[in-house]
Amino acid sequence: MKQLIIILSFLAIAASAAAQQNPRVVRRFEGELNIGTLNGFASGAVELRYNFRSHWDIGARACIDGIAVAGGSNENYNIVADYNFMQSKRVSPFVGVGSGISVWHPDGMGYKKPNEEYFHIMPRVGIEFFNRMRITGYINVVPKYYQDADLGFSVGIVFGGGRKK
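Residues numbered from 1 in each chain as written. Predicted model: local features only at pLDDT ≥ 70, side-chain atom pairs only at ≥ 80, totals over all residues. Heavy atoms only, no water.

**Some points on the overall build of the protein**
To be explicit about the condition: Counting from the N terminus, the helices are DSSP H or I runs at least four residues long and the strands are E runs at least two residues long. Classification of residues uses two cut-offs on accessible area relative to the type maximum, computed with a 1.4 Å probe and protein chains only: under 20% is buried, over 50% is exposed, and between them is partly exposed. Contact criterion: two residues are considered in contact whenever any of their non-hydrogen atoms come within 4.5 Å of each other. Per-residue and other accessible areas follow the Shrake-Rupley method at a 1.4 Å probe size, with only the shown protein chains counted as cover for residues.
Per the secondary structure count, the protein includes one helix and eight strands. Along its sequence from the N terminus, the protein presents helices and strands in the succession α-β-β-β-β-β-β-β-β. The 165 residues of the protein split such that 42% are buried. Taking the intrachain contacts of the protein between residues at least 6 apart in sequence as the baseline, contacts between residues at least 24 apart amount to 52%. Of the accessible surface of the protein, which amounts to about 9,100 Å², a share of 68% is contributed by carbon and sulfur atoms.

**Things to note about empty space enclosed by the protein**
This is how it is decided: In this analysis, the protein atoms alone were mapped onto a 1 Å grid. Cavities are point sets where a 1.4 Å probe fits without being able to get out; pockets are open sets with protein on both sides within 12 Å along at least five of seven lines; lining residues have an atom within 4 Å of a point. Grid points are joined across faces, edges and corners, and a volume is the space filled by probe spheres set on the points. Classification convention: Asp, Glu, Lys, Arg as charged; Ala, Val, Leu, Ile, Met, Phe, Trp, Tyr, Cys, Pro as nonpolar; all other residues, Gly among them, as polar.
As enumerated under the stated definition, the model contains three cavities of 30 Å³ or more in all. Empty space within the largest cavity amounts to approximately 110 Å³. Lining the largest cavity are 11 residues, and of these Val26, Gln87, Ser88, Glu128 and Asn131 sit closest to its centre. Among the residues forming the lining of the largest cavity, the class breakdown is one nonpolar, seven polar and three charged.

**Description of unusual backbone geometry**
Despite not being glycine, Phe130 has its phi angle at roughly 55°, a positive value. In this fold, Phe130 is placed in the loop between strand 6 (116-129) and strand 7 (133-141). When its relative accessible area of 52% is taken as the criterion, Phe130 is described as exposed. Although it is not a glycine, Asn131 adopts a positive phi angle of roughly 60°. Considering the arrangement of structural elements, one finds Asn131 in the loop between strand 6 and strand 7.

**Topic: the pattern of salt bridges**
For the record, the criterion: We define a salt bridge as a side-chain nitrogen of Lys or Arg found within 4 Å of a carboxyl oxygen belonging to Asp or Glu.
Inspection of the entire model under this criterion finds nine salt bridges. Residues Asp82 and Arg134 are paired through a salt bridge, measuring 3.0 Å at the closest nitrogen-oxygen approach. In this pair, Asp82 is assigned in strand 4 (residues 73-84) and Arg134 in strand 7, connecting sequence segments 52 residues apart. Among the charged side chains, a network of salt bridges with common partners joins Glu30, Glu32, Glu47, Arg49, Arg61, Asp82, Arg124, Glu128 and Arg134.

**Some remarks on the side chain of Glu128**
Let me state the cut-off plainly: Between N or O atoms, a polar contact is any pair within 3.5 Å; within protein, one atom must be a potential hydrogen donor and the other a potential acceptor, and residues adjacent in sequence are included only when both atoms are from side chains.
Structurally, the position occupied by Glu128 is in strand 6. The buried category is assigned to Glu128, whose relative accessible area is 6%. Among the polar contacts listed, one links the side chain of Glu128 to the side chain of Arg134, at a separation of 3.1 Å. If sequence neighbours within four positions are ignored, Glu128 has contacts with Glu30, Arg90, Val91, Ser92, Phe94, Met133 and Arg134.

Here it is, written out as structure tokens:
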């Protein structure tokens, strides 16, 4: 829990330092629905983000990994931050990081065994096209779990955001 508080504090400080009085070129809020794969199993996520006047955004992400896997499934709840290199352009690459809690359900959402909770970090990289579609690659790193890292890929549709008119 201490690690999560430190990361959230760092993200808040970085966001406030980056918030300058530049003219706003994109809308403040955006949401994303995405589907993808994590280690070959289906995943889905919902993400809500706030766009700063600078190239930064910060948000919250909820994800279910390993949908319909008999051997277990995983839920992730993250705080995420991204740096958008060409914000408001038709093609905008980004890099970011997320951090939060990973909840492992050993019996695949049946809840017969006790759930296990882990702290995890999620570095990610991707491209946003036309302010409406995001392709993201990410790695879930769970330091205390028997697997060190999980590789994921997702395609999402963005609602809101986009160029300010």
